[in-house]
Each structure stands twice: as structure tokens, then as C-alpha cells.
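Chain residues, written in single-letter form:
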Amino acid sequence: MVKDREKAGERNVLVGVVWNCADIKLLLTSLFFLGSLATIIQFLPSNLGLSSADLRSCLYSKFSSSFSSAASSSSSQAPPLNLSSSVPTPQALKHEEVTPDSVVKRAFNPVGSAAYLFVQMGAYRGGSNTFAVVGLASKPLHVFAKPRFTCEWAPHDNPGASVTAPAYKILPDWGYGRVYTVVVVNCTFPADVGADGSGGRLIVNATTGGGADRALDVEERFVALEEAPGSVNASIFSAPPKYDYLYCGSSLYGNLSPQRMREWMAYHVKLFGDKSHFVIHDAGGVHPGVMEVLRPWMEKGLVTLQDIREQERFDGYYHNQFLVVNDCLHRYRFMAKWMFFFDVDEFIYVQPKTTLQSVLALFSSYTQFTIEQMPMSNKLCLSSDAGKTPRMWGFEKLVYRDVKRGVRRDRKYAIQPRNVFATGVHMSQNIAGRSLHKTEGRIKYFHYHGTIADRRYPCKVFVNDTTLTFEGTPYVFDPTLRQLAGLVKRFELKTIGSRLQRTRQ
């Protein structure tokens, strides 16, 4: 009984609270009245002097006035919306017309723009009188029109004494661009500008060349580089570089494997040595797990991580890979003797009893050399390793090499950057000096395609043969990098300690 009374009391309290709310009572009453009235209107006879349409019109005007008064009441409490600032004024429409000769002259109404004229990533001094401006530009514009660039140097101490020079543009992405293509704008002046440290601004004038609209030659003027007084040290252009080797990484994106990244870093820091540096470009692939792998090497000053995720706004080839490597080239041009370009699922290898230094000494008379690929299976592992592979490193357990003949395989490369004006992904076509392509027997790279983007253990099939054909491709057993795994693991432990021992796949 007590419980029943308590429940009844709770219901009474709830009903009382609801019914005592004046607003809710009014709302419910109004809804009931309107619903009843709407039903009655449908059955009114047509011979009445007042039609259902008249009643609906009357009700509408009544409630409209009520709504207007309510709106004016609320507007006194809130600031008015500024619709003019949020809604753009429509562009006037140009109409077709008939000429005196009875010809219909059609009208064309251009709206907006399809791509930016230029998207700058970086601008760098390349000497006492020369600069490089690296960016993206509309691909159709540069393929089908003749856009122009001109350069201007405005000294800080005397802006009126500006010097101008025509620019030379390089399109280094081999036609792979999409909406945007990569453009390297070279500004070379007839005499030294700002090399004395007086400071100044590099100003670039870019035009469409009538490409977007032949009736217009749109010109944009922008500051590409500003040097503060005393900020230029001209000795860097002739001084020995800080690093022997510098790695320029392509755009890292996707759900990358921290463990594969760990192996790649330890292997190449050991190979390149103390006088080396690695520039990593994060296009979305450096998630917290990968960051944990990079952090120890960053703390030792061996890695620079650059966040380039904003470039995804601009639709270029493969996460703007060509843009990134050209920016890296010019940004670090005077900081390294050799600059390497390859990916994080590729491992550079030199023959036993040689070092990278001794091999590159043989190539010193060349500006560029390319490196042969050794493609490795990303699935095949030894049967004797079954049960042990989760503890083994990727290049330790993936030991079968693709030996299919007649296949053109991509090469990677290294350059002496002071003699290079623009670069690509697999080689540079804009160099001063010679290129060497027959480097087999001295240096090569092992390619574990797809493993860096696979968070699972790579061994899918276990075999016990030295030669086999798998999925139509012939393979041979190749333990070349497997034999180096122990040395690399000990090097990592000695260099950064055990902090990466629990790295996940």
C-alpha cells in the first residue's frame, strides 16, 4: 500500500509540474484548437458566405502577425543578422543579343576560377645573385598557354633602386601533375643582390599569359622571400657542407607501420653515419606510433620532421611528391655533399668490405648516379622461421627476391645538389654535369613494396625452397639483408637504448 501511494504521489507530482507550466498548457490547448478547426473547415458547405479558403487566409494572416510580433520581440534581445556579409551578391548575367545582320551573338558568363595561379611552398637563395621559388601552378595553364614570371629585388635600404630580371621556369614532374603541376621559378639577376647582408625582398610577378581567358592577361605580384638585414651569410655558398649525406623523404601518408619505420631508421642511420641527416615529410602518415619511433632520432639531431599536411588542399600528383622533393633540394642545397631520394620501404646496400663513403668517392666526378632495384617478396618467408617471425624484423624474415626478366624496374638516385636546379622522384633531368647509371655491383637497393603500409605481420606463406614460382613470379632465396639484422639491432640498442623494444606493427 505504501509503495502504491508513493507511485501515485510521484505521478501526481509529475502531472502537476507539467500542468502548472503555463507555456506548455497554452501550447497544448492551441494545438488541440487548431487541429479541431482544421478538421471542421474541410466539411463546411460551399453555400456559406465564408469559404474554407477565406478562413485559411484569415488564420494565416492572424498567425503571421503573431509570429511577426514574436520575431520583433526576440530581435530586440538579439543582434540582427547581417545577410549582406554572408551571401555574396550574384554576378550580373550577360545576355545573348541579335546583331543588325540578324546573327545571334551568344554570351559566355565565366564564374570563379578553377585553380590558383601559383601556390608557393618555399623560396631559397641559391647564390649571390640567384634564387629558386618552388610551388604549384595550374597544369592546363602551363601545358596549353605561356604564363610568364618576372623577378624583382627590392633592397631594404633603398626600395626605389629595385632590380628586375626575367625568370626561367622548370616543370620537373614529367607531366604527372593533376589539377596542379610543379613549377620551379629560377630568378637570376645580372649582378649580386643582397649578398652583402643589407636585406631586401624578392618579388615575383606571375601572369596567366592569356591562358585562362585570352581576353585577359591577369597578373599577380607577391613577395616570395624577405631577408632581414644581416641574415645572409654568403660564405655558405662556397664552404664545405655540414653533412656528408642528406635524405630527402617523399610524402608520408596513410596508416604506416611503426615497426617497419623503426627498422628503416636504424638501418640507414647506421649506413649513413654521424655526418648525415634525414628530412621526413608528414603528409598524414606520421601518427603517434610513428612519431614515437622518430622521436629518439630527432632528439639526437639526426631527423627533421616537416608537417606538410596542408598541401593536400591542392590536387597534385601523389600527395605532391614532386613538390616536396624539389623544396627539399633547394632548402638543403648547400648543407650536404650528397642528397639521396628513395622511399621508406627501400633499403640502400653496398657490398661487404666497402662503405658508402668509399663507393661514393668513386662517383665524385658525377653530379648524379642512379641505383638498381632488388624487388623482394612481401609475403614469402622461410618455413624454419615459422613461430619466430613476430620477433624478427621485416628485412630479416622476407628473404625471397623477384627475378622475373624483361621487367623495367624503377631506379632511385643520389645527387650532388649544388649542381642541380630541379629534381624528380626517380632521377633529375635538370643538372649541370654527368649522370652515372651503371652502378650495379657497387650499390643497389632492396625494395619491400607495400610492407610500410601494412600493420599486420608480413609473412603470409612459408616455404622451404631456394628457388620457386609464386603467383606466376619466379623467386630466389636472398639472405643479403637478413645477415645484417643482428648488427643493426645492436647498433640501435647502443645508440638510443631500449626505448623502442615494444614498438607495434
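None of these values were measured; they are calculated from a predicted model.

Calculation criteria
- Residues numbered from 1 in each chain as written.
- Predicted model: local features only at pLDDT ≥ 70, side-chain atom pairs only at ≥ 80, totals over all residues.
- Heavy atoms only, no water.
- Helix = DSSP H or I, 4+ residues; strand = E, 2+ residues; numbered from the N terminus.
- Buried < 20%, exposed > 50% of the residue type's maximum accessible area, 1.4 Å probe, protein only.
- Areas by Shrake-Rupley, 256 points an atom, 1.4 Å probe, with all protein chains shown as cover.
- 1 Å grid on protein atoms, 1.4 Å probe; cavity = no way out; pocket = protein on both sides within 12 Å on 5 of 7 lines; lining within 4 Å.
- Points joined across faces, edges and corners; volume = space filled by probe spheres on them.
- Nonpolar A, V, L, I, M, F, W, Y, C, P; charged D, E, K, R; others polar.
- Salt bridge = Lys/Arg side-chain N within 4 Å of Asp/Glu carboxyl O.
- Axes fitted to C-alpha atoms, helices over the stretch in contact; angles between N-to-C directions.
- Parallel < 35°, antiparallel > 145°, perpendicular 65-115°, else oblique.
- Contact = heavy atoms within 4.5 Å.
- Pairing = 2+ DSSP bridges.
- Expected span 1.5 Å × (residues − 1).
- Arc of directions from axis to C-beta.

Undergrad: How do you make sense of the overall build of the chain when you look at a structure like this?
TA: The secondary structure content of the chain amounts to 11 helices and 25 strands. For the chain, the residues scored as buried account for 41% of the 505 residues in total. Carbon and sulfur atoms provide 56% of the accessible area of the chain, an area that totals close to 28400 Å².

Undergrad: Is there a simple way to explain the layout of surface pockets in this structure?
TA: By rolling a water-sized probe across the atoms, one finds the places where empty space is left. Estimated volume of the largest pocket: approximately 820 Å³. At the level of secondary structure, the elements contributing two or more residues to the lining of the largest pocket comprise strand E10 (243–252), helix H8 (321–331), strand E15 (368–375) and strand E22 (443–447). A total of four residues in the lining of the largest pocket trace back to one element, the largest contributor, which is E10. In terms of residue class, the lining of the largest pocket is made up of 15 nonpolar, 12 polar and eight charged. In this structure, the second largest pocket occupies an estimated 490 Å³ of space. Around the second largest pocket sit 17 residues that line it, and Ser113, Ala114, Ala115, Thr208 and Ala212 are the ones nearest its centre.

Undergrad: Explanation requested: unusual backbone geometry in the structure shown.
TA: Backbone geometry follows two general trends: most residues other than glycine have a negative phi, and most peptide bonds adopt the trans configuration. Residue Tyr318 is not a glycine yet carries a positive backbone phi of 50°. Tracing the chain through its elements places Tyr318 in the loop between strand E12 (303–307) and H8. Given a relative accessible area of 45%, Tyr318 falls into the partly exposed group.

Undergrad: How do you make sense of the pattern of salt bridges when you look at a structure like this?
TA: Should their charged atoms come close, side chains of opposite charge can pair. In total, this model carries 24 salt bridges according to the counting rule given. Residue Arg401 is joined to Asp478 by a salt bridge in which the shortest nitrogen-to-oxygen separation is 2.7 Å. With Arg401 in strand E17 (residues 400–402) and Asp478 in the loop between strand E25 (473–477) and helix H11 (485–496), this pair connects stretches of sequence that are 77 residues apart. By relative accessible area, which is 22% here, Arg401 ends up partly exposed. Here Glu440 and Arg411 are joined by a salt bridge, their closest N and O atoms 3.2 Å apart. On the criterion of sequence distance, the pair formed by Glu440 in the loop between strand E21 (435–436) and E22 and Arg411 in the loop between E17 and strand E18 (412–415) is long-range, its members being 29 residues apart. According to the relative accessible area criterion, Glu440 is partly exposed, its value standing at 38%. Judged by its relative accessible area of 22%, Arg411 is partly exposed. Overlapping salt bridges, with partners in common, bring together Asp343, Glu346 and Lys412 in one network.

Undergrad: Explain the packing of helix H6 (residues 258–272) against H11 here, please?
TA: Where H6 meets H11, the axes come as close as 9 Å, and the angle between the chain directions of the two elements is 90°. Considering their axes alone, H6 and H11 lie roughly perpendicular with respect to each other. Across the interface between the two elements, Arg262, Ala266, Tyr267, Val269 and Lys270 of H6 pack against Leu487, Val488, Phe491 and Glu492 of H11. In terms of residue class, the contact of H6 with H11 is built from six nonpolar, no polar and three charged.

Undergrad: Help me understand the side chain of Thr451, please; the structure alone is not making it clear to me.
TA: Checked against the element boundaries, Thr451 lands in the loop between E22 and strand E23 (461–463). Using a relative accessible area of 9% as the deciding quantity, one classes Thr451 as buried. When residues no more than four places from it in sequence are discounted, the contact partners of Thr451 are Ser257, Arg260, Asp345, Asn378 and Leu398.

Undergrad: Could you clarify how one ought to interpret the sheet that holds strand E4 (residues 130–138) in this entry?
TA: The strands that make up a sheet are held in pairs by hydrogen bonds between backbone atoms, and each pair lies either parallel or antiparallel. In spatial order, the strands read E3-E4-E7-E6-E5-E8-E9; together these seven strands make up an open sheet with antiparallel pairing. Strands at the two margins of the open sheet, each flanked by one partner only, are strand E3 (119–125) and strand E9 (219–227). Strand-to-strand twist in this sheet, taken as the mean axis angle between neighbours without regard to direction, amounts to 25°. Where E4 and strand E7 (residues 180–188) come together, nine bridges link them in antiparallel fashion.

Undergrad: Please explain helix H7 (residues 288–299) as it appears in this structure.
TA: Note: α-helices contain 3.6 residues per turn, so residues at a spacing of three or four share the same orientation. Over its 12 residues, H7 extends 16 Å from the first C-alpha to the last, a length consistent with the 16 Å expected when each residue adds 1.5 Å. Restricting attention to buried positions, one finds in H7 the residues Val290, Val293, Leu294, Pro296 and Trp297. Summarising the axial view, the buried residues of H7 lie within an arc of 150°, below the 170-degree limit, and thus occupy one face. More than 90 degrees from the buried face of H7, the exposed residues found are Pro288 and Glu299. Taken from the residues just after H7, Gly301 is the one with a positive phi, measuring 80°.

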